[in-house]
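Residue-level structure breakdown
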Amino acid sequence: DFLLLKCNACGEAFCKDHIRYDDHKCRSAYKKNVQVPVCPLCNAPIPVRKGETPDAVVGAHIDKNCKYNPAQQKQRIFTNKCLKPGCKRKELMKVVCEQCNGNFCIKHRHPLDHDCKGSSHPISKA
């Protein structure tokens, strides 16, 4: 089978071995072969003009207009606030009481440590 395929960039016909832009050195490939780099820090697409190196453009974006804020990322890690009145600690993971289903810090995780109201009698006195 010798079936000709039409290049969607230049419009010329090629066999299956030469249909790729690089294989027939297509002069119109720039019209179709467009890739937009993404900033590795803020995940924003970075526009690159013809003739510019994507690495240099992304580097300039990181140096000047990148919206990435590492301090903001660190604040969001500890989001599970202790429900014990007066305690301001936050934990990375939820620590849920089995009796009252409240979320507490490591220090107040046991029913006796947070004056649990979930059950009429405590599980243990330890």
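In case you missed it, the structure is sitting above this.
This report concerns the structure included in the present document. (Residues numbered from 1 in each chain as written. Predicted model: local features only at pLDDT ≥ 70, side-chain atom pairs only at ≥ 80, totals over all residues. Heavy atoms only, no water.)

Some points on the side chain of histidine 108
The condition is simple: Put simply, DSSP H or I for four residues or longer makes a helix, DSSP E for two residues or longer makes a strand, and each gets a number counted from the N terminus. Burial here depends on accessible area, computed with a 1.4 Å probe over protein chains only, as a share of the maximum for the residue type. Under 20% is buried, over 50% is exposed, and the range in between is partly exposed. Any two residues whose heavy atoms approach within 4.5 Å at even a single point are treated as in contact.
With respect to the element layout, histidine 108 can be found in the segment after strand S4 (90-91). The exposure class assigned to histidine 108 is buried, which follows from its relative accessible area of 11%. With residues up to four places along the chain from it excluded, the contact list for histidine 108 reads Cys82, Lys84, Cys87, Asp113 and His114.

Things to note about helix H2 (residues 54-64)
In an α-helix, one turn spans 3.6 residues; hence positions three or four apart end up facing the same way. In plain terms, the rule: To obtain the arc, one takes the directions from the helix axis to the C-beta atoms.
Residues of H2 that are buried include every one of Val57, Val58 and His61, and no others. In a view along the axis of H2, the buried residues occupy a sector of 95°, so they form one face of it. Looking at H2, the residues exposed on the side facing more than 90 degrees away from the buried face are Asp55, Ala56 and Asp63.

Notes on unusual backbone geometry
Of note in the backbone geometry, asparagine 43 takes a positive phi value of approximately 60° without being a glycine. With respect to the helices and strands, asparagine 43 occurs in the loop between helix H1 (29-32) and H2. Among the residues examined, asparagine 43 registers a relative accessible area of 60% and is labelled exposed. The backbone of asparagine 101 sits at a positive phi, close to 60°, despite the residue not being glycine. By secondary structure assignment, the location of asparagine 101 is in the segment after S4.

Structural notes on the pattern of salt bridges
Side chains that differ in sign of charge can pair as their charged atoms come close. The condition is simple: What makes a salt bridge here is a side-chain nitrogen of Lys or Arg within 4 Å of a carboxyl oxygen of Asp or Glu, nothing more.
Throughout the structure, instances matching the rule amount to six salt bridges. Residue lysine 84 pairs with aspartate 115 through a salt bridge whose shortest N-O separation is 3.6 Å. Pair noted here: lysine 84 is in the loop between strand S3 (80-81) and S4 and aspartate 115 is in the segment after S4, with a separation of 31 residues, a long-range link. Sharing partners across several salt bridges, the network here consists of Arg20, Asp22 and Asp23.

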